[in-house]
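Overview (structure and organization)
For reference, the chains in residue letters:
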Amino acid sequence: KAGVTQTPRYLIKTRGQQVTLSCSPISGHRSVSWYQQTPGQGLQFLFEYFSETQRNKGNFPGRFSGRQFSNSRSEMNVSTLELGDSALYLCASSASRDRAQAFFGQGTRLTVV
Amino acid sequence: GEDVEQSLFLSVREGDSSVINCTYTDSSSTYLYWYKQEPGAGLQLLTYIFSNMDMKQDQRLTVLLNKKDKHLSLRIADTQTGDSAIYFCAESIHNQGGKLIFGQGTELSVKP
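Model, not experiment: these values are computed from the prediction.

A word on the overall build of chain A. A count of helices and strands for chain A gives zero helices and eleven strands. Helices and strands appear in chain A in the N-to-C order β-β-β-β-β-β-β-β-β-β-β. What you see for chain A is a C-alpha radius of gyration of 13 Å, in line with the 13 Å of a compact globule of 113 residues. Along the first, second and third principal axes, the C-alpha set of chain A runs to 40 × 25 × 25 Å. Summarising the internal contacts of chain A: among those between residues at least 6 apart in sequence, 53% fall at separations of at least 24. In the structure as shown, chain A presents an accessible area of about 5,500 Å², 46% of it carried by carbon and sulfur atoms. For chain A, the separation between the mean place of its 13 positive charges and that of its 6 negative charges on side chains is 3 Å.

The subject of this paragraph is the interface of chain B and chain A. Contact residues are listed per partner, giving 17 residues for chain B and 19 residues for chain A. When the two sides are added together, the surface that chain B and chain A hide from each other amounts to roughly 1,500 Å², 54% of it contributed by carbon and sulfur. If you look at where chain B meets chain A, you find zero salt bridges. Our enumeration of links across chain B and chain A arrives at five residue pairs in polar contact (both at pLDDT 80 or more). Of all the secondary-structure elements, those providing two or more residues to the side of chain B that touches chain A are β4 (29-37), β5 (43-50) and β10 (100-102) of chain B. For the side of chain B that touches chain A, the element with the highest residue contribution is β4 of chain B, accounting for four residues. Each residue belonging to the side of chain B that touches chain A can be placed in one class, and the counts come to ten nonpolar, six polar and one charged.

Turning our attention to the pairing of strand β8 (residues 71-76) of chain B. All names here are of chain B. Here six bridges tie strand β3 (residues 18-24) to β8, and the two strands are oriented antiparallel to one another. For V19, the partnering residue across the bridge sits in β8 and is R75. In this structure, strand β7 (residues 61-66) lies alongside β8, joined through six bridges in antiparallel fashion. The partner of L64 across the bridge, within β8, is S73. Here β7 hands over to β8 after four residues, with K70 in that stretch at a positive phi of 55°.

Residue and element names in this part refer to chain B. Covered by surrounding structure in strand β11 (residues 106-111) are T106, L108 and V110 only, the residues E107, S109 and K111 on the alternate face being uncovered. Both strand β2 (residues 9-13) and β11 contribute to a ladder of five bridges, which runs parallel. Across the sheet, V12 pairs through a bridge with V110, a residue of β11. Pairing of strand β9 (residues 85-93) with β11 involves three bridges; the strand directions are antiparallel.

Time to look at the state of the cysteines. Should the sulfur atoms of two cysteines be covalently bonded, the bond is a disulfide. In this structure the tally under the stated criterion is two disulfides over all chains. The disulfide partner of C23 of chain A is C91 of chain A, and the S-S distance across this bridge is 1.7 Å. With the S-S bond torsion at -50°, the cross-link from C23 of chain A to C91 of chain A turns out left-handed. Taken together, the residues C23 of chain A in strand β3 (residues 19-24) and C91 of chain A in strand β9 (residues 87-94) connect sequence positions 68 residues apart. Using a relative accessible area of 0% as the deciding quantity, one classes C23 of chain A as buried. Sulfur-sulfur distance for the disulfide between C22 of chain B and C89 of chain B comes to 2.0 Å.

What follows deals with the pattern of salt bridges. What the rule picks out here adds up to seven salt bridges over all chains. Between E48 of chain A and R55 of chain A there is a salt bridge whose closest N-O contact spans 2.8 Å. Since its relative accessible area comes to 0%, E48 of chain A is described here as buried. Across the pair K68 of chain B and D69 of chain B runs a salt bridge whose closest N-O atoms are separated by 3.6 Å. Since its relative accessible area comes to 46%, D69 of chain B is described here as partly exposed.

Conventions used here
- Residues numbered from 1 in each chain as written.
- Chains lettered and ligands numbered in written order.
- Predicted model: local features only at pLDDT ≥ 70, side-chain atom pairs only at ≥ 80, totals over all residues.
- Heavy atoms only, no water.
- Helix = DSSP H or I, 4+ residues; strand = E, 2+ residues; numbered from the N terminus.
- Rg over C-alpha atoms; globule rule 2.2 N^0.38 Å.
- Contact = heavy atoms within 4.5 Å.
- Areas by Shrake-Rupley, 256 points an atom, 1.4 Å probe, with all protein chains shown as cover.
- Lys, Arg positive; Asp, Glu negative; His and termini not counted.
- Charge placed at Lys NZ, Arg CZ, Asp CG, Glu CD.
- Buried area = accessible area lost by both parts, 1.4 Å probe.
- Salt bridge = Lys/Arg side-chain N within 4 Å of Asp/Glu carboxyl O.
- Polar contact = N/O pair within 3.5 Å; in protein donor to acceptor, adjacent residues only side chain to side chain.
- Nonpolar A, V, L, I, M, F, W, Y, C, P; charged D, E, K, R; others polar.
- Pairing = 2+ DSSP bridges.
- Buried < 20%, exposed > 50% of the residue type's maximum accessible area, 1.4 Å probe, protein only.
- Disulfide = S-S within 2.5 Å.

Structure (structure tokens):
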């Protein structure tokens, strides 16, 4: 079974731009969560989607948004990028029946210059 | 409140056992997890334990949970240099769906 796939792996953007990151969950998994990892703040929860609906949201500004498609693939968008948005963005998927196990992708490394 | 604490560093000799500790504050945890992260990589789920269990063993890994003290530990037997990585403790909270609360991570260094 293929794992969680995140694209792209690396991105460099300029302050003020916007960016879209993609996550394809494990086949059959319907729950997708997003996390931001930085050296200073560690791993922080952004949001969770299940069956195209946002189920939970972390404490991030409205510039961070996401969506999930009918095939469970998810995208997150960050608008008006700031230097502090530079981070590793991780996506996790879990099956609807066994949400105990969340499997992570390799992440997208975003650098804002 | 939701808070998970871990010590930041642990250094052991190859072949010794490693014990990584974690404390959490939320008594409504449902599952507690251990993840491993190698440089430049995502998070690898090592093991997890349901909050009403005391212990779980999986090959070289032993998880102990003291629910009264809200203390979780991960023991790695016969630690190898390939076990060098950052280990994260995480909890999921009842009624918060798939949201995981992570500790800061413990960097394990295994010396030959």
